[in-house]
Amino acid sequence: MQLFFAPDIKPEDKSFVFDKEESRHIVKVLRKKDGDTIYITNGKGWLFTSTVTFATEKRCDVTLNSASYTEAMPYRLHLAVAPTKMNDRYEWFLEKAVEIGISEITPIICEHSERTVFKAERFEKIIQSAMKQSLQYHMPVLHEPIAFNQFVKQQHEGKLFIAHCEETDKKLLKTELAPKESQTILIGPEGDFSTKEIELALSLGYIPVSLGNTRLRTETAAVVAAHSVAFVNE
C-alpha cells in the first residue's frame, strides 16, 4: 500500500483536491489515473480510502470512500537530541526514529553543540516521508530548537532520562523501561553534555543511563534509544 499525506482532510469530508506539487507526483510520477485507489492519512490517526476522479499534472481530485481510525502507540516517546555537526546524520536519525516509532522530537542546543542552524522545513518532509513509508497514521511532533537549560526545566510526560558518556554511576536504559510507559530521553552532541548540564538534569529528576558498552554517535544513540523503547513495547 502506498500512503499519501494530507493534513487538512477530516473524517466528515467527501472529497479532496491535492495541491499542484502532489498532483504532479501522483499523475506524472506514479501514473495514477481516473478510477485508481489512493490511500491517504492526515497524520492524526485517520486512514482514508479514496478514488481518483480527475487526474492531471496540475490537479488531482479524489472521492473519499471510507475513513478508519488507528489508536496511537500505547506509550509516548519524546527524544530531545542535540543537532549533529553534519545535517545528513540528523536526517538519518529522524527517518529511522520515525520508522521505529516516536511521538515527539526536540533539537536541544547544548554547551558543546557545534551546530545551531536547524532546517525545519527539510526535517518536516523527512518525517512525513518516513511516516508514509512505514505506514503509520500519527505524525510525530517536531518542536523548535531550544536551549538545553530551558528544555530540562519544562514539564515532560513520564520518566526522564539523560544518556551521557561520563564515567559515573549509570543504569542501563533497557532495565529502566516498562511497557506502556512514557518517557523523555536526552541525547547529547558529539562532545557530550557538559558536567554542568548533567548536574542540572540530575537535580531536576533525570535518571542517568547508558545505552550499552560502546561509545555511540549522537544519531546512533538516538536510534538505539528509540528501538529500546519500541522493543519493550512489542
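Remember, predicted model here, so these are calculated numbers, not experimental data. All residue numbers refer to position in the chain's written sequence, counted from 1. Note on the predicted model: pLDDT of at least 70 is required for a residue's local features to be given, and 80 or more for side-chain atom pairs to be given and counted; whole-chain, interface and lining totals, by contrast, use all residues. In computing side-chain properties, one takes all heavy atoms of the structure into account and sets aside hydrogens as well as water.

Caption draft 1: The arrangement of the overall build of the protein chain in detail. A run of DSSP states H or I qualifies as a helix once it reaches four residues; a run of E qualifies as a strand once it reaches two. Both are numbered from the N-terminal end. A count of helical and extended segments in the protein chain gives 7 helices and 13 strands. The buried share of the protein chain, taken over its 234 residues, is 44%. Residue pairs at least 24 apart in sequence account for 74% of intrachain contacts in the protein chain once pairs closer than 6 positions are excluded. Working definition of accessibility: Shrake-Rupley area with a 1.4 Å probe, residue cover restricted to the visible protein chains. When the accessible surface of the protein chain is split by element, carbon and sulfur atoms take 49% of a total near 12,200 Å². By the counting rule applied here, Lys and Arg register as positive and Asp and Glu as negative, while His and the ends of each chain are not counted. The atoms used to mark charge sites are NZ of Lys, CZ of Arg, CG of Asp and CD of Glu. Each charge sign in the protein chain was given a centre, from 29 positive and 33 negative side chains, and these centres are 5 Å apart. Three exposure classes are used, based on accessible area relative to the maximum for each residue type with a 1.4 Å probe and protein chains only: buried under 20%, partly exposed in between, and exposed over 50%. Contact definition: two residues touch when any of their heavy atoms are within 4.5 Å.

Caption draft 2: A look at helix α6 (residues 195-203). Glu197, Ile198 and Ala201 are the residues of α6 that are buried. Along α6, the residues classed as buried sweep out an arc of 100° about the axis, all on the same side. Pointing more than 90 degrees away from the buried face of α6 are the exposed residues Lys196, Glu199 and Ser203. Packed against the buried residues of α6 are α4 (148-152), β10 (159-163) and β12 (183-187). Backbone geometry just downstream of α6 places Gly205 in the positive-phi region, at approximately 100°. The directions considered for the arc are those from the helix axis to the C-beta atoms.

Caption draft 3: Inspection of the sheet that holds strand β1 (residues 3-5) at higher detail. A sheet is described by the order of its strands in space; here 5 strands give the open sequence β1-β3-β4-β5-β2, paired in mixed fashion. The open sheet has two edge strands with one neighbour each: β1 and β2 (15-18). Averaged over neighbouring strand pairs, the angle between their axes works out to 40° when direction is ignored. Strands are treated as partners if at least two bridges between them are detected by DSSP. Here β1 pairs with strand β3 (residues 37-41) via 3 bridges, running parallel. Bridge assignment links Leu3 to a residue of β3, and that residue is Tyr39. Between N-to-C directions, angles cover 0 to 180 degrees, with each direction set by a line fitted to C-alpha atoms, over the stretch in contact for helices. Against the sheet, helix α3 (residues 120-133) makes contact with β1 and β3, and its axis sits at roughly 150° relative to β1, the strand it touches most.

Caption draft 4: Examining the nonpolar core more closely. The biggest cluster of nonpolar side chains holds 34 residues, and the ones touching the most others in it are Leu79, Phe93 and Ile185. Elements with a minimum of two residues in this core: β6 (77-81), α2 (87-100), α3, β10, β12 and α7 (218-232). In this structure, Leu79 is in contact with Phe93, Ile102, Glu104, Ile105, Thr106, Ile185, Ala222, Ala225 and Ala226, ignoring residues within four places of it in sequence. Take the buried Ala, Val, Leu, Ile, Met, Phe, Trp, Tyr and Cys residues and link them wherever side-chain atoms come within 4.5 Å; each set so joined is a nonpolar core. Counting 15 residues, the second largest nonpolar core, distinct from the first, contains Cys110, Phe148, Val152 and Phe193.

Caption draft 5: Geometry of the side chain of His78. If you trace the backbone, His78 turns up in strand β6. For His78, a relative accessible area of 7% corresponds to the buried category. Within the structure, the side chain of His78 is placed 2.7 Å from the side chain of Thr106, a separation counted as a polar contact. In this structure His78 touches Glu104, Ile105, Thr106, His143, Phe151, His156, Gln183, Thr184 and Ile185, once residues within four positions along its chain are discounted. N or O atoms within 3.5 Å of each other form a polar contact, as long as, within protein, one can give a hydrogen and the other can take it, and as long as residues adjacent in sequence are counted only when both atoms are side-chain atoms.

Caption draft 6: Representation of helix α1 (residues 20-29) within the structure. Where α1 is concerned, the buried positions are Glu22, Ser23, Ile26 and Val27. Along the axis of α1, the buried positions cluster into a sector of 115°, meaning they face one direction only. In α1, the exposed residues that point more than 90 degrees away from the buried face are Lys20 and Glu21. Tucked inside the fold, the buried residues of α1 contact β1, β2, β3, β4 (46-55), β5 (60-69) and α3. You can read the cap of α1 off the contacts: a side-chain oxygen lies 3.3 Å from the backbone nitrogen of Glu21, and it is on Asp19. Positive phi appears at Arg31, one or two residues downstream of α1, with a value of about 60°.

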